[in-house]
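Structure at a glance
Spelled out, the chains give:
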Amino acid sequence: MKEKEGIKEMAFNKFITSDSDLVTTHQATRAGFFSIALEKNRVSDPYVKTALSFKTMVNGVKSPNDLLNIPAIRPFLIAASGLSDKSLNYLDEDDRTAAIKELIDKFLKPAGQDFIDEVVYRYLLIKGDSVGGTMRNRIGAIGEEKLIRCILSNLSVQGITYDWCDGSPTYRWQRQPQNDAGLEQSIKALHWKNSNGERVLAFDMTIPLVGKNVDICLFSSDVAGYDKGRIKNHPDKGLMFGELKSGIDPAGADEHWKTGNTALQRIRNSFGDANYSIQTSFVGAAIEKSMAIEIYDQLVDGTLSNASNLHDVNQLNEYCNWVVSI
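A short tour of the structure in this document, coming up. (Residues numbered from 1 in each chain as written. Predicted model: local features only at pLDDT ≥ 70, side-chain atom pairs only at ≥ 80, totals over all residues. Heavy atoms only, no water.)

What follows deals with the pairing of strand β6 (residues 238–245). In terms of residue burial, β6 counts as a mostly covered element, since 8 of its 8 residues are buried. Summarising the sheet, strand β5 (residues 212–220) and β6 pair through 4 bridges and their orientation is antiparallel. Residue pairing for β6: Cys 217 is matched across the bridge by Phe 241. Alignment of β6 against strand β7 (residues 279–284), held across 6 bridges, turns out to be parallel. Residue Gly 242 lies in a different strand from β7, and its bridge partner there is Ser 281. With helix α6 (residues 253–273) bridging β6 and its parallel neighbour β7, the resulting β-α-β unit is right-handed. (Buried < 20%, exposed > 50% of the residue type's maximum accessible area, 1.4 Å probe, protein only. Helix = DSSP H or I, 4+ residues; strand = E, 2+ residues; numbered from the N terminus. Pairing = 2+ DSSP bridges. Right-handed = clockwise from strand over helix to strand, strands pointing away.)

On the surface, a cluster of nonpolar side chains totalling about 230 Å² of accessible area is made up of Val 48, Leu 52 and Leu 124. Position of Leu 52 among the secondary structure elements: in helix α1 (residues 26–57). By relative accessible area, which is 49% here, Leu 52 ends up partly exposed. (Patch = residues over 30% accessible without salt bridge, like charges linked within 9 Å, V, L, I, M, F, W, Y side chains within 5 Å. Areas by Shrake-Rupley, 256 points an atom, 1.4 Å probe, with all protein chains shown as cover. Salt bridge = Lys/Arg side-chain N within 4 Å of Asp/Glu carboxyl O.)

Membership of the largest hydrophobic core comes to 35 residues, with the highest contact counts inside it found for Leu 147, Leu 190, Trp 192, Leu 201 and Tyr 319. With 8 residues, helix α4 (residues 115–157) is the largest single contributor of residues to this core. If sequence neighbours within four positions are ignored, Leu 190 has contacts with Ile 148, Ile 151, Leu 152, Tyr 162, Asp 163, Trp 164, Trp 173, Arg 199, Val 200 and Leu 201. In this structure, Leu 22, Val 214, Tyr 226 and Ala 307 belong to the second largest nonpolar core, which totals 32 residues. (Core = buried A, V, L, I, M, F, W, Y, C linked by side-chain atoms within 4.5 Å. Contact = heavy atoms within 4.5 Å.)

It is worth spelling out the pattern of salt bridges at this point. Tallied over the entire structure, the rule returns 17 salt bridges. Glu 93 is the salt-bridge partner of Arg 96, the closest N and O atoms lying 3.3 Å from each other. Within this pair, Arg 96 and its partner Glu 93 are both found in helix α3 (residues 93–108), separated by 3 residues, close to a single helical turn. Look at Glu 93 and you get partly exposed, because its relative accessible area is 43%.

This next bit is on the environment of Val 23. Structurally, Val 23 is set in the segment before α1. Sequence-wise, Val 23 and Asn 309 are 286 residues apart; in three dimensions their C-alpha atoms are separated by 7.5 Å.

The next thing to look at is the state of the cysteines. Throughout the structure, instances matching the rule amount to 0 disulfides. The structure places no disulfide on Cys 320, whose sulfur is separated from the nearest cysteine sulfur, that of Cys 150, by 3.2 Å. On the basis of relative accessible area, Cys 320 is assigned to the buried category, the value being 0%. (Disulfide = S-S within 2.5 Å.)

This brings us to the pairing of strand β3 (residues 187–194). When you tally the buried positions in β3, you get 6 out of 8 residues, the bulk of the element. Relative to β3, strand β1 (residues 162–166) runs antiparallel, the two being bridged by 5 bridges. Following the sheet pairing, Asp 166 is matched in β3 by Ile 187. Here β3 runs beside strand β4 (residues 197–207); their pairing, made up of 6 bridges, is antiparallel. Across the sheet, His 191 pairs through a bridge with Val 200, a residue of β4. Here β3 folds back onto β4, and the loop between the two strands holds 2 residues.

Below you can see the structure in the form of structure tokens.
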């Protein structure tokens, strides 16, 4: 295989001395669920506030039919009727009015004097689906943000300056700010220079050679070489590719590992078949005993180059230090 400048043999995470070290503790699982619950409350809070505003605006309304005579609350009623934002692109005002009338006749009138509360319940129930979809995306984003923050911290400790690229269509690169608090929420790619050369770390990138999306992608490249993400078309620049699984629910842990392990094997095979040498890694939030054994065995035999439990501070910092140093 082609050996690329900058890749050297390194021992895997020094805070992983047995498979037991990888297992997510009860305390970490508990903290993870609490964190998600807080985030869910944050995401849903605007809907609750909107519902309270609605109740204020309709204070004094005597009957469900009277709601149709208040133009300002029409968007709220449309949402409570169950019409999605996407569906509104295909419906005219008459269709929307018909949906509101269905809501009034089938649910609000039977509720009697509690019809205002019924509208609120319907609205919050409908928006609950939206919160669920948002949270599925946010759980992955939270894990990525935690990983990025850890990488930024390791760069800071070593006095390594970095450039960062946001996720906008312009792929705008910017220099490290004086205060980077919260920056992890905006970063799509990072650039820095270590003793082995210039590095670009990108996230959630579809690699053509693999044919799938890869969570963590490290390249030997400068900012210009990133070329608005087109570096993915240059497998010779690839150094390390990793899978990040942020879900904390133990019930889904094994499935996350199976999916991640399959993806990592596909990456190794794709690059190996093309005669390129790369490293692979795995970071997971929910790691159960059975998968911990498999991960550790792969670390020992060199199948995996590194790994970390997302909720183990020492492991994660050691992993990020490795990423920075490759």
